[in-house]
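# Inside the fold
Residue strings, one per chain:
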Amino acid sequence: MKILSLVTAFTTSSPRGMPHNNQERKVNGEGDTVTQGIVATVIGIISLLAFKIWEAPQAGVDVHSARAAAGMNQAKRSVEAAYTHDSKNTVQGDATNFQTLSPEMLEHIQNSVKAVHDKVELEKGKMSGRQEKKMAVKKRAPAPPRRVFSAEELSKFGPGSETLYAVILGKVFDVTSGAQHYAAGNAYSVFTGMDATKSFITGDFNRETASADVSSLSGPEKSQIPEWVSFFEEKYEQVGVMEGLYYNSDGAETDFLRSVLADAADAIKEGEKEMEQFPPCNVERVVGQPGRIWCTDMTTGHKREWVGVPRKFFKAGAHQHRCACVPVDRLDDARLTEYEGCPPLSASCSVP
């Protein structure tokens, strides 16, 4: 450690004018024990400074922690022992009592500590500067650039291209690995080279009539869009966005996109509420035989207080229905239709 070599250099060199004769260095007949104690004090002070800069920040503790205090106390005890080594010693005190030392030694100690302190502060400044630079670079790191495709650019990645890009809700995905589905002549080729978000819901695979605009879809239909987006995000790499309904020329979301996502979120919540009110029936079908639908007092493993009867449930604006178990006091709901040939209040019946 740099600080240790510095300590050694300053504490082992003799101060200018300091006697070198052992006899002359004696204080109260105890040889150079006082000098050793002073050296220990200097080391203790420097250790505290080093701890403050290098160890305390890393350990996440205050500079006056037990560890730092212990280091200083040990140095103070060393000097105290040096002073009181002789039982006849008339000088009493702790490590801060330097009144018996020569002016030359005191000056040497002060200069040593000041030099070490200045060096430590310099190193501290360098470390702080490097840390600030790192933080500044980290804060300034720009987000990865998002490529914005125009409709004309995207048309080059449609059917017949070696690289295939599919678009949904303005997000562009590389679907080349799924060429068996998206290449020319395959059913999903309508989704490449253009935004045909609406076709994901309506099943319109005609490129002439396919559209990105989903404003005419019902809430329940819009609720299916996030599922499709999640499918592409999990399976394919997104390479950018398309300028148009959902993103502007800078790649930022449009108000229309936010509106569609809000409508979808509301529809999803409504759908969850409907599933609680009208849970799905149990369905059994065997090839060549009539099917069977029935209701119980269980919903996805949870027991409810009623059984209900099977009904066709049509979501608002939807063209298809699902089988729902309906409590007898809710049979007048306009979204419900009876199954032909089923007893009105039976919990089970056969269906074609």
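Another aspect to go through is the state of the cysteines. Summed over all chains, the structure comprises 3 disulfides. Shown here is the disulfide that connects Cys 281 with Cys 323, its sulfur atoms set 2.1 Å apart. Note on the Cys 281 and Cys 323 pair: the S-S dihedral is about -80°, so by sign convention the disulfide is left-handed. Taken together, the positions of Cys 281 in the loop between α10 (255-277) and β5 (282-284) and Cys 323 in strand β10 (residues 321-326) put the pair 42 residues apart, joining distant regions of the chain. For Cys 281, a relative accessible area of 12% puts it in the buried group. Two residues share a disulfide in this structure: Cys 295 and Cys 325, whose sulfurs sit 2.1 Å from each other. Disulfide Cys 295-Cys 325: the torsion about the S-S bond is -105°, which places it as left-handed. Taken together, the residues span a long stretch of sequence, with Cys 295 in the loop between β6 (291-294) and β7 (298-299) and Cys 325 in strand β10 at a distance of 30 residues. Judged by its relative accessible area of 1%, Cys 325 is buried. Ordinal numbering of bonded cysteines along the chain defines a disulfide pattern of 1-3, 2-4, 5-6.

So, about empty space enclosed by the protein. According to the stated counting rule, one finds 2 cavities of 30 Å³ or more in the structure shown. Reported here for the second largest cavity is a volume of approximately 30 Å³. Lining of the second largest cavity is provided by Pro 310, Arg 311, Glu 338, Tyr 339, Cys 342, Pro 343, Ser 346 and Cys 349. Within the lining of the second largest cavity, the residues separate by chemical class into 5 nonpolar, 1 polar and 2 charged.

By size, the foremost hydrophobic cluster in this structure holds 26 residues, and its most contacted members are Leu 169, Val 175, Phe 232 and Tyr 246. Put simply, the parts of the chain that give this core at least two residues each are β2 (165-168), α7 (197-202), α9 (225-235) and α10. Take this core: its biggest share by element is 3 residues, from α9. Core analysis: the next-biggest nonpolar cluster, separate from the first, contains 9 residues, Cys 281, Ile 293, Cys 295 and Cys 349 among them.

This brings us to the side chain of Thr 254. With respect to the helices, strands and loops of the structure, Thr 254 is situated in the loop between β4 (237-242) and α10. Those residues in contact with Thr 254 that sit more than four places away from it in its chain are Gly 244, Leu 245, Tyr 246, Tyr 247 and Asn 248.

This paragraph deals with the sheet that holds β6. Strand pairs in the sheet, formed through backbone hydrogen bonds, run parallel or antiparallel to each other. Read from one edge to the other, the open sheet built from 3 strands follows the order β5-β6-β12, with strand pairing classed as antiparallel. Each edge of the sheet is formed by a strand with only one pairing partner; in this case those strands are β5 and β12 (348-351). Averaged over all pairs of adjacent strands, the angle between their axes in this sheet comes to 20°, without regard to strand direction. In terms of strand pairing, β5 meets β6 through 3 bridges, oriented antiparallel. Within β6, the residue paired with Asn 282 across the bridge is Trp 294.

What follows deals with the environment of Val 167. Within the secondary structure layout, Val 167 lies in strand β2. Measuring from C-alpha to C-alpha, the distance between Val 167 and Met 194 comes to 6.1 Å, with 27 residues separating the pair along the chain. Val 167 has contacts with Leu 154, Val 172, Phe 191, Met 194, Asp 195, Ala 196, Phe 200 and Met 242, leaving out every residue within four places of it along the chain.

Attention shifts here to the pairing of β10. With 5 of 6 residues buried, β10 lies mostly within the body of the structure. The sheet contact formed by strand β9 (residues 309-314) and β10 spans 6 bridges and is antiparallel. Residue pairing across strands places Lys 312 opposite Cys 323, the latter belonging to β10.

What counts as what
- Residues numbered from 1 in each chain as written.
- Predicted model: local features only at pLDDT ≥ 70, side-chain atom pairs only at ≥ 80, totals over all residues.
- Heavy atoms only, no water.
- Disulfide = S-S within 2.5 Å.
- Helix = DSSP H or I, 4+ residues; strand = E, 2+ residues; numbered from the N terminus.
- Buried < 20%, exposed > 50% of the residue type's maximum accessible area, 1.4 Å probe, protein only.
- 1 Å grid on protein atoms, 1.4 Å probe; cavity = no way out; pocket = protein on both sides within 12 Å on 5 of 7 lines; lining within 4 Å.
- Points joined across faces, edges and corners; volume = space filled by probe spheres on them.
- Nonpolar A, V, L, I, M, F, W, Y, C, P; charged D, E, K, R; others polar.
- Core = buried A, V, L, I, M, F, W, Y, C linked by side-chain atoms within 4.5 Å.
- Contact = heavy atoms within 4.5 Å.
- Pairing = 2+ DSSP bridges.
- Axes fitted to C-alpha atoms, helices over the stretch in contact; angles between N-to-C directions.

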